[in-house]
Protein chains: 2
Amino acid sequence: MSTAHGARARARTEITAAIKDEARRQLVADGAAKLSLRAVARELGMVSSALYRYFPSRDDLLTALIIDAYDSLGERAEAAHGKAADASPVARWTTVCEAVRAWALGHPHEYALIYGSPVPGYTAPDTTVPAASRVGLVLIGIVRAAHRGPGLTEPPLPAELRPEAGRMTADLAPDLPPETVTALVASWAQLYGLVGFELFGQFNRVVEDRETFFRHAVERLAHGVGLRAA
Amino acid sequence: MSTAHGARARARTEITAAIKDEARRQLVADGAAKLSLRAVARELGMVSSALYRYFPSRDDLLTALIIDAYDSLGERAEAAHGKAADASPVARWTTVCEAVRAWALGHPHEYALIYGSPVPGYTAPDTTVPAASRVGLVLIGIVRAAHRGPGLTEPPLPAELRPEAGRMTADLAPDLPPETVTALVASWAQLYGLVGFELFGQFNRVVEDRETFFRHAVERLAHGVGLRAA
DNA sequence: GGATGCGGGAGAGCGCTGCTCTCTTCTGTG
DNA sequence: CACAGAAGAGAGCAGCGCTCTCCCGCATCC
């Protein structure tokens, strides 16, 4: 595929990568809205129209960066989980959440790109789904291990939510109780509420010791999913 | 002040309002990024440079819209709370959260403007703080009433978070226990995680019956703050 | 009541953007 | 080796935020 016809294709993938790298540099520096195709081209010593041979539009370039960002965050979460493999479920959960927060604080513009308001008029293509799922899969993995292991308490689940819970469970983790899956999905969203509020300044003049606050909040999230207290 | 010199000043406030109205129309239609000073001016039958007599920059216009959006959301939350004044604390909490969600779903671009990624390079001026606080104040009010009334269970609070909890409590609600205030701040952020994930498409292919899911999630949030089960 | 100062609208223009189209060069392949 | 197709260059279009200069007319003050 990519190495099929040799030199030509290799040059293409190299230049594509160079464009993405320079684009990422600008994204990191100034945010997505200021990412300019012309500036990227200029920096690479090419003319702007040439860049369209590689990315048909600015949005396509952004999509590539979105996927990379999801992957970067996912890797970070997976790595954090790997290192904490022997810890208690709650400790592993907390570690992964803290990795997400650390990544977000270290990559604010990339975080904003993937979890902030979507670029207007832009809807993420399905291409992004696998990369976007990685953090969620890590969290599911932690809960699954706890479920197989010493156990997991099941959160309450009202009757009217049972159909939806069943649907989600079938899609996400058929081996887990629907009570758990439902709580997990909610906690997953809530985690990003905590991160987003810190990152986007909503905690200014409200929370100061954000690290401690965050750790405690995600520990309570873990308990809410039914993970045993450490 | 505003009515000081009569006609002149009145014309000015009228035109300022007209500009904001047209700008909001464009914001609602296409989102903040596509809001164009020139288009607003065009629609109002004036030339773009004239608009700068009223708003010194696009960011200033956006700031005005941000404040309006916070106020609109705050009003909605306050109104919802008012109508549910006689209900149980948990029911009032849930009602207010649902009002926030409903407002967000009805005003996606305005929600994105205030709770999505901040416009790059843009930091909200302090002018926005009072308007931005309104929803939080409603939530605090519900908890405060429960605290004065039949009671409130206090969530756990680890020792290392006690200093920060004390700080937050002094700033936000000195009459409430720090355990409660800490949980409240976390729940406040988590609420916006739930809303944001639904609004920005993260729940696509994951949660279908979002209304039921949301209600259950915020009920659990209420319990997490220590409000009595309804 | 007439001179005056200033608020506010008009217009041109600068430098930037995304994107398109055409022309040309170069290169890997049949 | 010839040639198709890939890829870069350049000009150009329409839009943007913002500035500056000009000018009109209304409200004020003597």
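Values in this document were obtained by computation on a predicted structure and should not be read as measured data. (Residues numbered from 1 in each chain as written. Chains lettered and ligands numbered in written order. Predicted model: local features only at pLDDT ≥ 70, side-chain atom pairs only at ≥ 80, totals over all residues. Heavy atoms only, no water.)

Colleague: Even after reading the chapter, I still don't get the relation of the copies chain A and chain B, so can you show me in this structure?
Modeller: Note that the two copies of the chain are related through a rotation about an axis and a translation along the same axis. The two copies are related by a screw motion: chain A maps onto chain B through a turn of 180° and a shift of 0.0 Å along the axis, at an RMSD of 0.1 Å. These values place the two chain copies in the arrangement generated by a two-fold rotation axis. Nearest to the rotation axis, the C-alpha of glycine 193 of chain A is located 1.7 Å from it, this being the minimum over chain A. Of the interface residues in chain A, 100% have counterparts in chain B that sit at the interface too, so the contact is made through matching surfaces. (Least-squares fit on C-alpha atoms with pLDDT ≥ 70 in both. Contact = heavy atoms within 4.5 Å.)

Colleague: Where do I start with the packing of aromatic side chains in this structure?
Modeller: In this description, a pair of aromatic rings is defined by centroid distance and the angle of the planes. All told, the structure shown has 22 aromatic pairs over all chains when counted by the stated rule. For the ring pair phenylalanine 197 of chain A and tyrosine 115 of chain B, a centre distance of 6.0 Å and an interplane angle of 10° mean the geometry is stacked. With phenylalanine 197 of chain A in helix 9 (residues 178-199) and tyrosine 115 of chain B in helix 6 (residues 108-115), the pair connects residues from two separate chains. On the accessibility criterion, phenylalanine 197 of chain A (4% relative accessible area) is buried. A centroid spacing of 5.8 Å and a plane angle of 90° characterise the contact between tyrosine 70 of chain B and tyrosine 115 of chain B, whose relative ring orientation is edge-to-face. Taken together, the positions of tyrosine 70 of chain B in helix 4 (residues 58-83) and tyrosine 115 of chain B in helix 6 put the pair 45 residues apart, joining distant regions of the chain. Here the guanidinium or amino end of arginine 101 of chain A rests over the ring plane of phenylalanine 214 of chain A, the centre of that ring lying 5.5 Å away. (Phe/Tyr/Trp six-rings, centres within 6.5 Å; stacked < 30°, edge-to-face > 60°. Helix = DSSP H or I, 4+ residues; strand = E, 2+ residues; numbered from the N terminus. Buried < 20%, exposed > 50% of the residue type's maximum accessible area, 1.4 Å probe, protein only. Lys NZ or Arg CZ within 6 Å of the ring centre and 35° of its normal.)

Colleague: Looking at this structure, how should I read the domain arrangement of chain A?
Modeller: The extent of an interface is frequently quoted as the accessible surface area lost upon association of the parts. Residue and element names in this part refer to chain A. Segmenting chain A into domains produces domain 1 (1-56) and domain 2 (66-225). Placing a centre on the C-alpha atoms of domain 1 and another on those of domain 2 gives a separation of 32 Å. Buried area between domain 1 and domain 2, summed over both chains or domains, comes out near 510 Å², and the portion from carbon and sulfur atoms is 59%. By the criterion of area lost to domain 2, the three top residues of domain 1 are Arg24, Leu27 and Val28, representing 61% of everything that side buries. At the boundary of domain 1 and domain 2, one finds 2 salt bridges. The residue aspartate 68 makes a salt bridge to arginine 24 at a minimum N-O spacing of 2.9 Å. (Domains from an automatic or database assignment. Buried area = accessible area lost by both parts, 1.4 Å probe. Salt bridge = Lys/Arg side-chain N within 4 Å of Asp/Glu carboxyl O.)

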